[in-house]
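Structure at a glance
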Amino acid sequence: MTPGDVWDADKIQVAALAEKKRTFERIEMEDVTIGLALGVGAARGWAHIGIIQGLIDIGIQPDIVCGTSAGALVGGSYAAGHLNELEKWLLSLDRLSVAKFFDLSLTSGGLIAGKRIIGFFIDRFGDYDIQSLPKTYGAVATDLMTGHEVWFRSGSLMDAVRASISMPGIFEPFLLDGKWYVDGGIVNPVPVSLCRSLGADIVIAVDVNRGRLTKSPDMSKLKFSSKLEDETVIENDDDGLPVSLPKKVRDRIGHALSLIWQGNSAKPGLLFVLNNSAHFMQERITLSRLACDPPDFILHPKLSAIGFMDFHRAAEAIEIGKQCVKNNEYELTLCLDKK
């Protein structure tokens, strides 16, 4: 990859900040280029699959797809023509199989190295040059050293995805051509501006995180689990612990890790803190960015029941995405209707 393969979005967008919001227009479908901006959301991002399928079912096929974090992964699969294969694999996952993809890396800048999951995707689906994809594609990441928003428009698809999903504290930052990248959700959670820059006349945005800021749980009634559910306990060679350790020692280490991650009845664990903090941060930034870069239409699938790390609940998330499109079919059609 050469330096020209990534775009410094901060420089590109300076002139665009003053542009007024585009009004809805009834334009003939064949005369418009439709862009789809898929946002951050971790496990909630699987709803993007249902969104895309739902749009196709009502005759809307995006020409441009841009994504941030989970949106970059799902959008890349769609752009490469592997969305159905991705869905089939996700539907086969349970808690245990998800845990096996987490290659713990406690001595680096993140808890998960990320090599195992990216290696799996390359082995199963292959890697592609972004500019050779059947659909126009772009992904958003953040330059860790400068804070600049970076747009990946060419080079390796998997490099772009890996850079975009590098959520601070969870995944290790991604090193590419001498630069460290972290999650694009820090700067542009729903990349409407990237869709516009790539030539979209109409942009449909998907925000899977809306709603967390409106919740105010009663902390006196909130309990934190002190042990893993039975199906999540890993007692084989793939649990990341040396097989030479006695079972009693391995069980104690596993219990200690569960307390760190999930907490106990008195206080939240690491996952709870990271989960809520990330969602609140992303929702605030999303509201701000969408005010500056408004889409022509925005979809808000109702995913509040699906947690940050509930990657095994793909079937629910996908169905919620499909239902969201059905609920908005009339308005979407009106937006794209003929003059």
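Structure's up top.
Here the structure is a predicted model, which means the values were calculated and not measured.

Of all five residues in strand β2 (residues 34-38), five are buried, a share of seventy percent or more. Side chains of β2 alternate between two faces, with Ile-34, Leu-36 and Leu-38 and Gly-35 and Ala-37 buried alike. Here β2 pairs with strand β10 (residues 202-206) via five bridges, running parallel. Along β10, the bridge assignment pairs Ala-37 with Ala-205. Sheet topology note: the β2/strand β3 (residues 64-68) ladder contains four bridges and is parallel.

In this section: the side chain of Asp-296. Take Asp-296: it is sitting in the loop between α10 (270-292) and β11 (297-299). Looking at Asp-296, the relative accessible area reads 2%, which means it is buried. In terms of polar contacts, Asp-296 uses its side chain to reach the side chain of Arg-196, at 3.0 Å. A distance of 2.8 Å separates the side chain of Asp-296 from the backbone nitrogen of Val-203, its partner in a polar contact.

This part takes up empty space enclosed by the protein. Inspection of the entire model under this criterion finds two cavities of 30 Å³ or more. Volume-wise, the largest cavity comes out at about 410 Å³. As for the largest cavity, its lining consists of 24 residues, of which Trp-46, Leu-73, Ile-165, Phe-171 and Phe-311 are closest to the centre. Listed by contribution, the elements that provide at least two residues to the lining of the largest cavity are α3 (70-79), α4 (83-91), α6 (115-125) and β7 (169-171). Considering every element that reaches the lining of the largest cavity, the biggest residue donor is α6, with three residues.

Taken together, the side chains of Leu-144, Met-145, Leu-175 and Trp-180 define a hydrophobic patch exposed on the protein surface, amounting to about 410 Å² of accessible area. Tracing the backbone shows Trp-180 in strand β9 (residues 179-183). Its relative accessible area of 34% is what places Trp-180 among the partly exposed residues.

Right, let's talk about the packing of aromatic side chains for a bit. Scanning all chains against the criterion turns up eight aromatic pairs. Here the aromatic rings of Phe-121 and Phe-125 are separated by 5.5 Å at their centres, their planes lie at 35°, and the arrangement is tilted. Of this pair, Phe-121 and Phe-125 both sit in helix α6, four residues apart, which is roughly one turn of the helix. The two residues Phe-121 and Phe-125 agree in class, both being buried. Arranged with centres 5.3 Å apart and planes meeting at 70°, the rings of Phe-152 and Tyr-181 form a pair that is edge-to-face. In this pair, Phe-152 sits in strand β6 (residues 149-152) while Tyr-181 sits in strand β9, placing the two residues 29 residues apart along the sequence. Members of the aromatic cluster, joined through ring pairs, are Trp-89, Phe-101, Phe-120, Phe-121 and Phe-125.

Moving on to the packing of helix α2 (residues 47-57) against helix α11 (residues 314-327). Between α2 and α11, whose axes approach to 6 Å, the crossing angle comes to 40°. Where α2 crosses over α11, the two elements pack in a sense that is right-handed. Contact with α2, carried on its side by Ala-47, Ile-49, Gly-50, Ile-51, Gln-53, Gly-54 and Leu-55, involves Ala-317, Ile-318, Gly-321, Lys-322, Cys-324 and Val-325 of α11 and no other residues of that element. Considered class by class, the residues forming the contact of α2 with α11 number eight nonpolar, four polar and one charged.

A separate point is the environment of Ala-141. Mapped onto the elements, Ala-141 comes out in strand β5 (residues 136-143). With a relative accessible area of 0%, Ala-141 lands in the buried category. Between the C-alpha atom of Ala-141 and that of Ser-166, which follows or precedes it by 25 residues, the distance is 8.2 Å. When residues no more than four places from it in sequence are discounted, the contact partners of Ala-141 are His-148, Glu-149, Val-150, Phe-152, Ala-163, Ser-164, Tyr-181, Val-182, Gly-184 and Val-187.

Counting 74 residues, the largest nonpolar core has Trp-89, Phe-121, Tyr-137, Phe-152 and Leu-299 as its most contacted members. Sequence-distant contacts of Leu-299, defined by excluding residues within four places in its chain, comprise Ile-51, Ile-204, Ala-205, Val-206, Asp-207, Cys-324, Val-325, Asn-328 and Leu-332. If you look at the next biggest cluster of nonpolar residues, it comprises 16 residues, including Ile-64, Cys-195, Ala-200 and Ala-205.

Cut-offs applied
Residues numbered from 1 in each chain as written. Predicted model: local features only at pLDDT ≥ 70, side-chain atom pairs only at ≥ 80, totals over all residues. Heavy atoms only, no water. Buried < 20%, exposed > 50% of the residue type's maximum accessible area, 1.4 Å probe, protein only. Helix = DSSP H or I, 4+ residues; strand = E, 2+ residues; numbered from the N terminus. Pairing = 2+ DSSP bridges. Polar contact = N/O pair within 3.5 Å; in protein donor to acceptor, adjacent residues only side chain to side chain. 1 Å grid on protein atoms, 1.4 Å probe; cavity = no way out; pocket = protein on both sides within 12 Å on 5 of 7 lines; lining within 4 Å. Points joined across faces, edges and corners; volume = space filled by probe spheres on them. Patch = residues over 30% accessible without salt bridge, like charges linked within 9 Å, V, L, I, M, F, W, Y side chains within 5 Å. Areas by Shrake-Rupley, 256 points an atom, 1.4 Å probe, with all protein chains shown as cover. Salt bridge = Lys/Arg side-chain N within 4 Å of Asp/Glu carboxyl O. Phe/Tyr/Trp six-rings, centres within 6.5 Å; stacked < 30°, edge-to-face > 60°. Axes fitted to C-alpha atoms, helices over the stretch in contact; angles between N-to-C directions. Left-handed = near helix turned anticlockwise from the far one by under 90°. Contact = heavy atoms within 4.5 Å. Nonpolar A, V, L, I, M, F, W, Y, C, P; charged D, E, K, R; others polar. Core = buried A, V, L, I, M, F, W, Y, C linked by side-chain atoms within 4.5 Å.

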